[in-house]
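Inside the fold
As a plain string of letters, each chain reads:
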Amino acid sequence: MSVEIDGERIASWTPVIIRGGVFIIPINFFDGVNPENVLSASIIITPDGAAEEQWTQANGLLLNLGVGQFTPNLMEADTSAITWDSGHYRIEIVDGSGFTVPCVTEGLIFAKDC
């Protein structure tokens, strides 16, 4: 499986969230060439010095846009509420067969005021 962020295939990604801004960026999953049938996805954030949080379809912070297409959906109020400055993330999916893939990609994540 490959991952594409904002139109580029990636091995890892380092998101930077601006507090008070909107954080919406397309994430696409491919089986090599075609969009992967992903039943659900979540982004698990483990901030340095703060409690873990998850962006999921259930809490509205991750939207499913179609086959293999997701996007974080953080509005101004969501990003303003972020109190941490750095941490780690991982993207977890449930594939079309119902199997959980716990770490499709992972890396560092940052939040800043400007």
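See the structure shown above.
Criteria and cut-off values
- Residues numbered from 1 in each chain as written.
- Predicted model: local features only at pLDDT ≥ 70, side-chain atom pairs only at ≥ 80, totals over all residues.
- Heavy atoms only, no water.
- Salt bridge = Lys/Arg side-chain N within 4 Å of Asp/Glu carboxyl O.
- Buried < 20%, exposed > 50% of the residue type's maximum accessible area, 1.4 Å probe, protein only.
- Pairing = 2+ DSSP bridges.
- Helix = DSSP H or I, 4+ residues; strand = E, 2+ residues; numbered from the N terminus.
- Phe/Tyr/Trp six-rings, centres within 6.5 Å; stacked < 30°, edge-to-face > 60°.

Looking now at the pattern of salt bridges. Under the counting rule described, the total for this entry stands at 4 salt bridges. Among the salt bridges present, the one from Glu-4 reaches Arg-9, with a minimum N-O distance of 3.8 Å. On the accessibility criterion, Glu-4 (15% relative accessible area) is buried. On the accessibility criterion, Arg-9 (43% relative accessible area) is partly exposed. A cluster of three or more residues bridged by salt bridges with shared partners is formed by Arg-19, Asp-85 and Asp-113.

Across 4 bridges, strand 5 (residues 38–47) lies against strand 6 (residues 53–56) in antiparallel orientation. Residue pairing across strands places Ile-43 opposite Trp-55, the latter belonging to strand 6. Hairpin connection between strand 5 and strand 6: a loop of 5 residues separates the two successive antiparallel strands, and Gly-49 in this loop has a positive phi of roughly 80°.

We now examine the packing of aromatic side chains. Following the criterion strictly, the structure yields 4 aromatic pairs and no others. Seen from their ring centres, Phe-29 and Phe-70 are 5.9 Å apart, and the 70° between their planes marks the pair as edge-to-face. Here the residue Phe-29 occupies a position in strand 4 (residues 27–30), and Phe-70 occupies one in strand 8 (residues 69–72), the gap between them amounting to 41 residues. Across this residue pair, the class does not change: Phe-29 and Phe-70 are buried.

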